[in-house]
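A structural walkthrough
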Amino acid sequence: MEILNYAFMQRALLAAVLVGITAPAIGIYLVQRRQALMGDGIGHVAMTGVGLGFLLSWSPVWMATIVSIVGAVLMELIRWYGRTRGDIALAMLFYGGMAGGVMFINLAPTGSNANLTSYLFGSLSTVSESDVTAICLLAAFVVLVTLGLRRQLFAVSQDEEFARVTGLPVRALNLLTAVTAAVTVTVAMRVVGLLLVSALMVVPVAAAQQLSRSFAATFAIAVAIGVTVTIGGTVTSYYQDVPPGATIVLLTIGAFIALTALATPLARRRARALAAAQPSGDPAECAIPASRGTDGKVGV
Amino acid sequence: MSEPVISLRGVHAELGSRPVLRGIDLTVHRGEVVALLGANGSGKSTAVRSIIGQVPAAAGEIELFGTARARFRDWARVGYVPQRTTAAGGVPATITEVVSSGRLSRTRFGVLRKADHAAVRRALELVGMADRAKDSVNALSGGQHQRVLIARALASEPELLIMDEPMAGVDLASQEVLARTLREQVAAGATVLLVLHELGPLEPLIDRAVVLRDGCVLHDGPPPKAVGQHALPGHDHVHPHAAHDAEPIRTGLLS
């Protein structure tokens, strides 16, 4: 493997593996809460951090981490308080973050839109040694949270109201989810880029769902898909000289399509086996029409 | 009467700026089975959700097991079955995974031990879903889903069960299972607060009914007796209702 002889490729591959693990690991909770596009929003906000990093001559990765954590906490607060105008506030946050990033980087003496492009769409050759240190630390945090608190995060993401009655600190866990998602965005931005990071949070989870019936299996398969496509995409990018972020995302979508094609006949066979196992069916299931529909629009 | 398990005094609550509860008094004593009845919009779900802290009370006092709700921490003593709105999350999960969430209140740092897994299995057996433990909740019927949610509430072996419309959209077989499960819990000494649209098959279990209308308590006493054809022997109240004629207050008796 001559590709491992280059220090920059070693760094890029290490970063890619960490992205492949962390993005689906937090993404699964976002998908479970039906906030699949939250990562995209944080990615927009993180651009202001990158711009500020250039402007202040500070590490863009750490600056983006700080700014996207602030942005994610704001998004969570808007979700609590801004019921009716919430989406407008979110839109302003996203596009304000993006405009801020472009503005700051142009004001910076060393910055140009070329620098920005490498953060937007990812770039292998520019992953520096200090970037790798930052990515390792941040990825460790994400893994600790998503695995260590998996039962708590599962309960809160599945049913917030019920989680409150089990005594879980629901608001703190919601904030922690948002912060972890923000950290993941900055882990991923050097390799996949800010505009494509959300894909790696969502698509591996969607692909894994085609094969699994349990949350634990979905988690494991999604991470396996994530690592496979990030390594595959990085290697392809090196040999074919194509942008890594776009390659990784297209590979992920390819995996989704392949698994869906594979799983559909499998699910059909499973359903047929189940029907054969219960020849008479369950008569009570058909005899009583749902009295008030299943949407539960009753009471207040 | 023994000590109150739930106590509400003069509770007001608003949704948006609309007052939904306008000074509710409600006490549930240990071992009692109380049904909270009322028409759509009468505030019965809001009352329950203010007890568990999902809806903030604008005024009044709420106590659980004699402790002010804001300071109450012993949530393992409470089992809650929310009104079924979303069938499942955005990611598949097995029945065991969902029911295990209900055990978290008995664990430290969310680590399930052997005894916790056994409690989850017992809860699944109580609602007759143990053979489906590894199936995805996404594949369940409405009634089976409700049984899973009740197992989740029972997983912490609670003393108090709060259920919001447990019979809504539930098939006959599951209704029987739910009624039997509840009977066993009551026999074992559980206290139960139920939000119901109509008394239905749970009628024989209920000690007391509290009827709400427009956010006020209209009736607090013995459950209203069924009248007309509802009172005929063998009539078990499982007929489907359209939303518009769902009016459980039999006003002839209560006004």
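No experiment lies behind these values; they were computed from the predicted model shown.

1. What about the packing of helix H9 (residues 170–189) of chain A against helix H10 (residues 197–209) of chain A?
All names here are of chain A. Taken N-terminus to C-terminus, the directions of H9 and H10 make an angle of 115°; their axes are 9 Å apart at the nearest point. On the basis of the axis angle, H9 is roughly perpendicular to H10. In this structure, H9 crosses over H10, and the sense of that crossing is right-handed. Contacts between H9 and H10 involve Thr184, Val185, Ala188 and Met189 from the former and Val197, Leu200 and Met201 from the latter.

2. Notes on the sheet that holds strand E2 (residues 18–29) of chain B
Residue and element names in this part refer to chain B. A sheet is described by the order of its strands in space; here 4 strands give the open sequence E2-E1-E4-E5, paired in antiparallel fashion. A strand with exactly one partner marks an edge of an open sheet, and here the two such strands are E2 and strand E5 (67–68). Inspection of the sheet shows strand E1 (residues 4–15) paired to E2 by 9 bridges, in the antiparallel sense. Residue pairing across strands places His12 opposite Arg22, the latter belonging to E2. In the packing of helix H1 (residues 44–51) onto the sheet, contacts are made with E1, E2 and strand E4 (59–64), and the angle to E2 comes to roughly 65°.

3. A word on helix H5 (residues 113–121) of chain A
Three or more residues of H5 of chain A are buried, namely Leu116, Ser118, Tyr119 and Leu120 of chain A. Phi for Gly122 of chain A, located one or two positions after H5 of chain A, is positive at around 85°.

4. Re the confidence of the model for chain A
All names here are of chain A. On average, chain A scores 84 in pLDDT, and the residues at 70 or more come to 89%. Averaged pLDDT values for the elements of chain A fall to 40 in helix H13 (residues 283–287) and rise to 94 in helix H11 (residues 215–240). When the criterion is pLDDT under 50, residues 279–300 qualifies, and its contacts beyond four places in sequence or with other chains add up to 45 contacts.

Basis of the calculations
- Residues numbered from 1 in each chain as written.
- Chains lettered and ligands numbered in written order.
- Predicted model: local features only at pLDDT ≥ 70, side-chain atom pairs only at ≥ 80, totals over all residues.
- Axes fitted to C-alpha atoms, helices over the stretch in contact; angles between N-to-C directions.
- Helix = DSSP H or I, 4+ residues; strand = E, 2+ residues; numbered from the N terminus.
- Parallel < 35°, antiparallel > 145°, perpendicular 65-115°, else oblique.
- Left-handed = near helix turned anticlockwise from the far one by under 90°.
- Contact = placed C-beta atoms within 7 Å.
- Pairing = 2+ DSSP bridges.
- Buried ≥ 20, exposed ≤ 12 C-beta atoms within 10 Å, placed from the backbone.
- pLDDT = per-residue confidence, 0-100.

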